[in-house]
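Below, each chain spelled out in residue letters.
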Amino acid sequence: MKRLIKLLTIAMLVPFSMQAQDLADALRYSNLQAQGTARAGAMGNAFGALGGDFTSVSINPAGLGVYRSGELTLTPAFGQVSVESNYLGNSMDDNLYNFSFNNLSYVAAIETRNTSESGMVNFNIGIGYNRLKDFNSEMIAGVGNANNSFLDYVTSYANANNFNPDGNNTYTSDFYEQLAWDTDLLLRENETGIYWHDLEEAGYGQLQRKSISRQGSVDEYSLAMGMNFNHKLYLGASLGVTDVYYKESSRLLEEDTNGSIPFFNEMEFDSYLRTTGTGYNGKLGIIYKPTQQIRLGASVHTPTFYNLNDVFETSMYSSVTYEDGETATYDEISPYSEYNYDLETPMRATLSGAFVIAKKGLLSVDYEFVDYGSASLRRGGDGYDFVDENGEIAEAYKSVGNLRLGGELKVTNEISLRAGFENYPSPYNSEAFGQSQPNSDAGLSVYSAGLGYRQGGFFFDVAYRYSDQENNDLLYPEPVTDNYNSPQMAQFNTVKNKVLFTLGFKF
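Since we're looking at a predicted model, the values are computed, not measured.

Q: It is not clear to me how the overall build of the protein chain should be interpreted in this structure. Could you clarify?
A: A count of helices and strands for the protein chain gives six helices and 23 strands. Across its three principal directions, the C-alpha atoms of the protein chain cover 95 × 45 × 40 Å. Evaluated residue by residue, the protein chain yields a buried proportion of 53% over its 507 residues. Split by element, the accessible area of the protein chain, about 22,100 Å² in all, is 54% carbon and sulfur. Between the averaged position of the 34 positive side-chain charges in the protein chain and that of its 62 negative side-chain charges there is a distance of 18 Å.

As structure tokens, this is what we get:
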């Protein structure tokens, strides 16, 4: 058996991809919710027919034409993300505080020489950024008496793919099977060549815990223009440059806390992923006021065309006690993997309406259509075409209608109260790949409220946003052979509390 000796291997970096990009990556950078100023955030970001706020540039750039004066805004935000997990009946929770900037923008309002208030009366230019997604979170899930193991997946994959510890494997084996072999966790019968591990022999029962840390955001930098015709028709267009930074570190621990597993003491499997890149998109929009009380809006967004770079590494630590009573520890790291590829997100279309109530208040609604199944991975750095992955994206995801509602009431000439609601249905089909998808009901709901103060050329807005979402996920992949039980999914309930502050100046 392999545990009688320590096998020394030399891992060589090879210049081709793991080809690990998949449908999860496509959804991560496609499922976005515009976040900008505190006023828009308090009103559910339902600004497709309103305008006059830089958040609208990320929804309907025609809203830029509504401005009658220049404006400078800055929006810091402070939030808390709490994640409660339930895994095999055991509950755990973790939380994270985060400070960020949701918005920074400048608008120049240029009046034309037209004094008749007909034709084009304003031409406005805006530049700035809005946050589209915040990835920051910490979560943990585990149980003290597990009935399966991450080593089930590694061992089944080694047997199914004829793993050879001396080489001649797929590149991905360097990140999983090879580490388990080098740390004396993946074992092999000399006579049969079949791989196995100590936990299956002992019937499991080990402590199992996984922690996940995520950081980063998607920010959109926009250059936009808006035109005002007769104070009834507003047209707008924008060019957006989107910046992506995503980092995920996970740690999976399995430990024989009861002392019931021969030889095996402890293992730790760490993985690290960092994605960076930029994309570009365009938006066109229109707002029309058939009466002074009613505003109608429509906009279309092109796909965002991303060029992304992934960096990926894994490592494994183990502690094993041998038959002679000697305890050995091993610590191995995978090769460093770096890969470039492109991603095209889905197009978006938004229809909007707003009703102004006697200049004392307003109600607004946005309906956004997006087909997540149309996202596509493209042009892998080694020429890979992602045909299979794009087929999986089309089968797993569906089109949805996102709903945003908002309202505002002017209590005095200086103070306004606001509230909003947003609903983003799950992008998952109810069934895919011949089975039901457990996250097909994992929609996102956001409740918001706030107030604003305006005096002369200065304004200050504050908003509170609360979101709640439940989803299910495996702590590690399922075994690829039938001789192991499938691992149970963990349920995660993510609650986000966020406070936004906007400082603004009109001139």
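Q: I tried to follow empty space enclosed by the protein on my own but got confused; where do I start?
A: Empty space among the atoms becomes apparent when a probe as large as a water molecule is rolled across them. Summed over the entire model, instances satisfying the criterion amount to three cavities of 30 Å³ or more. Tallied by class, the residues present in the lining of the largest cavity amount to six nonpolar, nine polar and five charged. Each pocket or cavity is described by its volume, and for the second largest cavity that value is around 50 Å³. In terms of lining, the second largest cavity is formed by T37, R39, G52, D53, F54, E71, T73, R454, F459, D461 and T502. Counting only elements with at least two residues in the lining of the second largest cavity, the list comes to β1 (71–87) and β22 (458–473). Classifying every residue of the lining of the second largest cavity by side-chain character gives two nonpolar, four polar and five charged.

Q: Could you clarify how one ought to interpret the layout of surface pockets in this entry?
A: By volume, the second largest pocket is sized at about 1,100 Å³. Forming the boundary of the second largest pocket are 40 residues, of which R39, R295, L362, E408 and K410 lie nearest the centre. Looking at the lining of the second largest pocket, the elements with two or more residues in it are β14 (348–357), β15 (361–371), β17 (399–410), β18 (415–424), β21 (444–455) and β22. The leading source of residues in the lining of the second largest pocket is β21, at four residues. Looking at the lining of the second largest pocket residue by residue, the class counts come to 13 nonpolar, 14 polar and 13 charged.

Q: Help me understand the pairing of strand β4 (residues 137–143) in this model?
A: Walk down a regular strand and you will see the side chains alternate between the two sheet faces. When you tally the buried positions in β4, you get six out of seven residues, the bulk of the element. In this structure, β4 lies alongside strand β7 (residues 207–229), joined through seven bridges in antiparallel fashion. Across the sheet, the residue bridging to V143 is Q208, located in β7.

Q: What's the story with the pairing of β22 in this structure? I'm lost.
A: As paired elements, β21 and β22 share 11 bridges and run antiparallel to each other. When the sheet's bridge partners are listed, S445 is paired in β22 with D468. In this antiparallel pair of consecutive strands, β21 and β22, the connection spans two residues, and G456 shows a positive phi of 65°. Summarising the sheet, β22 and strand β23 (residues 490–506) pair through 16 bridges and their orientation is antiparallel. Bridge pairing links D468 to V495 in β23.

Parameters at a glance
- Residues numbered from 1 in each chain as written.
- Predicted model: local features only at pLDDT ≥ 70, side-chain atom pairs only at ≥ 80, totals over all residues.
- Heavy atoms only, no water.
- Helix = DSSP H or I, 4+ residues; strand = E, 2+ residues; numbered from the N terminus.
- Buried < 20%, exposed > 50% of the residue type's maximum accessible area, 1.4 Å probe, protein only.
- Areas by Shrake-Rupley, 256 points an atom, 1.4 Å probe, with all protein chains shown as cover.
- Lys, Arg positive; Asp, Glu negative; His and termini not counted.
- Charge placed at Lys NZ, Arg CZ, Asp CG, Glu CD.
- 1 Å grid on protein atoms, 1.4 Å probe; cavity = no way out; pocket = protein on both sides within 12 Å on 5 of 7 lines; lining within 4 Å.
- Points joined across faces, edges and corners; volume = space filled by probe spheres on them.
- Nonpolar A, V, L, I, M, F, W, Y, C, P; charged D, E, K, R; others polar.
- Pairing = 2+ DSSP bridges.

Coordinates in, geometry out; function isn't part of it.
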